[in-house]
Amino acid sequence: MANVLLTGGAGYIGSHTAVALAERGHQVVILDNFRNSQRDVPDRLLRLTGKSFPVIEADIRDTAACSAALAAHPVDAVIHFAALKAVGESEADPLLYYDMNIIGTIRLLEAMQAQNIRRIVFSSSATVYGQPDTSPILENFPTRVQSIYGRTKLVMENLITDLARTGKLLAAANLRYVNPVGAHPSAVIGETPTGVPNNLMPFMCQVATGQREFLSVFGNDYNTPDGTGVRDYIHVVDLANAHALALEYLLANDVAVTVNLGTGIGISVLDLVNAFEKTTGRAVPYKIMPRRPGDVASYFANPGAAEKLFGWKAALNVDDMCRDSWTWEAKRAGINDV
Ligand code: NAD
Ligand code: UFG
């Protein structure tokens, strides 16, 4: 049993990870500024787990607030989710992303150092690979960031790796996620994008609820089996469990690792539309549109290192992802027949 601080713990992946940690007997403290999460998430977590997690409303860029939080709630490790994550926004406002993601991570690491907390699990992204030459992607493939967001993730990884190399951190895991989708099967927590969703699954759900007329499929002329973009989608509950296992690995091993988290299965946009329609019984009208600038054609991860090191493997399939995404989004939209 460990005491763990989750920066960004009220967010999409952080809240699911809080549940996974609590289920495995760990004590969770959440630090979040609620910039991109709902204030009722802690209540929802209480409903789901029967546990009340201490919540500190603070910005990771505020070293004093982070130090005070870590002094008040002594922890064995930090899982660092807090960041901004929209590629388009990062290109529109680079300094905001450098400040929130890079400066924020430096300030957090300073606070950890001040309190002698030397274990960290970090949310990185498969976006650091850009368009890989081949898939499945291995962790030693070259990094080719294609956006400011991607660059901030790579810098954050490097900060952590450097601190581990110089002995300031004892144990660290940079986790490179593929595309998280889905929600807790209870539909008590899930993703709450504001405005028009950028990502495929939430947009598709909103087409199925009738909130949006049709899905724009961005390009059907890629060099992929059906011409549409191929991704490795991972259920957020699988991703959350991977964090719990990564944490336990770091508590037992003083090492720094960089590990892909994915299913190893490539799914095209049209595959996902078909799986969604089959699983939910809802129609998803779509139109083929031009490619979205900045999109890569295809990738999927080799998750072998996560299995070898953490004993983790994705257990949920694309039908589970579609079902749980839909149940959550339909509930949010007030649709009762799900
Ligand atoms: P999210 O926006 O739902 O969660 C991030 C949380 O961090 C939010 O609750 C937000 O309020 C909080 N936060 C943001 N800036 C903060 C700050 N300066 N101080 C304190 N709290 C702050 O995002 P998510 O999808 O849960 O992503 C979590 C992490 O995973 C991020 O680091 C993201 O870059 C990474 N990631 C996400 C995806 C994805 O597609 N969702 C893919 C790969 C990696
Ligand atoms: N797509 C559509 N229509 C849409 C939205 C997406 O056709 O309305 C297509 C995209 O072109 C792409 C696929 O669906 O081929 C997936 O797109 P997403 O926007 O859902 O996800 P991305 O792969 O573009 O990016 C996501 C996150 C990034 C993260 C990356 C890897 O948004 O932040 O996964 O983790 F870096």
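Residues numbered from 1 in each chain as written. Chains lettered and ligands numbered in written order. Predicted model: local features only at pLDDT ≥ 70, side-chain atom pairs only at ≥ 80, totals over all residues. Heavy atoms only, no water.

Here we look at the site of ligand 2
Formally: Note on definitions. A residue lies near a molecule or strand when any single heavy atom of the residue is within 4 Å of it. Only runs of H or I of at least four residues qualify as helices and only runs of E of at least two qualify as strands under DSSP, and these elements are numbered from the N terminus. Under the grouping applied here, Gly and all other residues not named as nonpolar or charged are polar, the nonpolar ones being Ala, Val, Leu, Ile, Met, Phe, Trp, Tyr, Cys and Pro and the charged ones Asp, Glu, Lys and Arg.
Looking at ligand 2, there are 21 residues lining it, with N199, S216, R231, R292 and D295 nearest. When residues of the shell around ligand 2 are assigned to their parent elements, the largest contribution, four residues, is made by strand 8 (residues 215-218). Of the residues belonging to the shell around ligand 2, the class tally is ten nonpolar, seven polar and four charged.

What about the site of ligand 1?
Under the convention used in this document: Polar contacts, as used here, are pairs of N or O atoms within 3.5 Å; protein pairs need one atom able to donate a hydrogen and one able to accept it. Residues neighboring in sequence count only if both atoms are side-chain atoms. Residue burial considers only the protein chains on display, and all accessible areas are found by Shrake-Rupley using a 1.4 Å probe.
Ligand 1 sits among 26 residues. The nearest are D32, N36, S37, K85 and Y149. A distance of 3.2 Å separates an oxygen atom of ligand 1 from a polar atom in the backbone of G11. D59 places a polar side-chain atom, nitrogen or oxygen, 3.1 Å from a nitrogen atom of ligand 1. When ligand 1 is considered free in solution it has 820 Å² of accessible area, and contact with the protein chains removes 94% of it. Mapped onto the shell around ligand 1, the elements with two or more residues apiece are helix 1 (12-23), strand 5 (119-125) and helix 6 (148-165). Examining the composition of the shell around ligand 1, we find that three residues originate from one element, strand 5, more than from any other. By residue class, the composition of the shell around ligand 1 is 13 nonpolar, eight polar and five charged.

Comments concerning the packing of aromatic side chains
This is how the line gets drawn: For Phe, Tyr and Trp, where Trp contributes only its six-membered ring, two rings pair if their centres lie within 6.5 Å, and the inter-plane angle classes them as stacked under 30 degrees, edge-to-face over 60, or tilted in between. Each residue is assigned to one of three classes by its accessible area relative to the maximum for its type, calculated with a 1.4 Å probe on protein chains only: buried under 20%, partly exposed between the two thresholds, exposed over 50%.
Here the structure, examined in full by the defined rule, presents two aromatic pairs. When the ring of F276 is compared with that of W326, the centres are 6.0 Å apart and the planes differ by 85 degrees; the resulting orientation is edge-to-face. Placement of the pair is F276 in helix 9 (residues 269-280) and W326 in helix 11 (residues 318-332), with a sequence separation of 50 residues. When sorted by exposure, F276 lands in the same class as W326, which is buried.

A look at empty space enclosed by the protein
Put simply, the rule reads: Residues are called lining when one of their atoms sits within 4 Å of a cavity or pocket point, these points coming from a 1 Å grid over the protein atoms alone, where a cavity is a set in which a 1.4 Å probe fits but cannot get out and a pocket is an open set with protein on both sides within 12 Å along at least five of seven lines. Grid points are joined across faces, edges and corners, and a volume is the space filled by probe spheres set on the points.
All chains considered together, the criterion is met by two cavities of 30 Å³ or more. If you add up the space inside the largest cavity, you get close to 80 Å³. Elements represented by at least two residues in the lining of the largest cavity include exactly helix 7 (200-208) and helix 11. Tallied by class, residues from the lining of the largest cavity come to seven nonpolar, two polar and two charged. When its volume is computed, the second largest cavity comes out at roughly 40 Å³. Every residue lining the second largest cavity is listed: L109, M112, Q113, I117, L163, K168 and L169. Element by element, the count of residues in the lining of the second largest cavity is highest for helix 5 (residues 94-114), at three residues. Its residues placed into classes, the lining of the second largest cavity shows five nonpolar, one polar and one charged.

Digging into the domain arrangement of the protein
Operational definition: Each domain's extent is set by a domain assignment, obtained either automatically or from a database. Here, two residues are considered to be in contact whenever any of their heavy atoms come within 4.5 Å of each other. Once two parts are joined, some of their accessible surface, as seen by a 1.4 Å probe, is lost; buried area is that loss totalled over both.
Assigned domains within the protein: domain 1 (3-180 + 234-263) and domain 2 (200-230 + 265-299 + 316-333). Listed as interface residues are 15 residues of domain 1 and, on the opposing side, eleven residues of domain 2. With both chains or domains summed, domain 1 and domain 2 bury close to 1,000 Å², and 53% of this area falls on carbon and sulfur atoms. It is Q131, H235 and T263 in domain 1 that bury the most area against domain 2; as a group they hold 46% of the surface buried on that side.

What about the environment of I148?
Position of I148 relative to the elements: it lies in helix 6. You can call I148 buried: its relative accessible area is 14%. A C-alpha to C-alpha distance of 5.9 Å links I148 and E91, two positions 57 residues apart in sequence. With sequence-adjacent residues up to four places away left out, I148 is seen in contact with S90, E91, P94, Y97 and Y98.

Digging into the pattern of salt bridges
Filter applied, for reference: The salt bridge criterion pairs a side-chain nitrogen of Lys or Arg with a carboxyl oxygen of Asp or Glu, the two atoms within 4 Å.
Going through the model one piece at a time under the given rule, you end up with 17 salt bridges. Note that D40 is salt-bridged to R44, the shortest N-O span being 3.0 Å. Relative accessible area serves as the criterion here: at 21%, R44 is assigned to the partly exposed category. Three or more residues are tied together by salt bridges with common partners; here these are D59, R61 and D99.

Section: the packing of helix 5 against helix 6
We count it as follows: Interaxial angles span 0 to 180 degrees and are taken between N-to-C directions of axes, which are lines fitted to C-alpha atoms, for helices over the stretch in contact. For classification purposes, angles smaller than 35 degrees are called roughly parallel, those larger than 145 roughly antiparallel, those between 65 and 115 roughly perpendicular, and all remaining angles oblique. Crossings are assigned a handedness: left-handed for a near helix turned anticlockwise from the far helix by less than a right angle, right-handed for a clockwise turn.
Contact pair helix 5 / helix 6: the axes reach a minimum separation of 9 Å and the direction vectors enclose 15 degrees. Judged by the inter-axis angle, helix 5 sits roughly parallel to helix 6. Pair helix 5 / helix 6 crosses with right-handed handedness. The segment helix 5 lies against helix 6, with P94, Y97, Y98, N101, I102, T105, I106 and L109 engaging I148, Y149, R151, T152, V155, M156, L159, I160 and L163.

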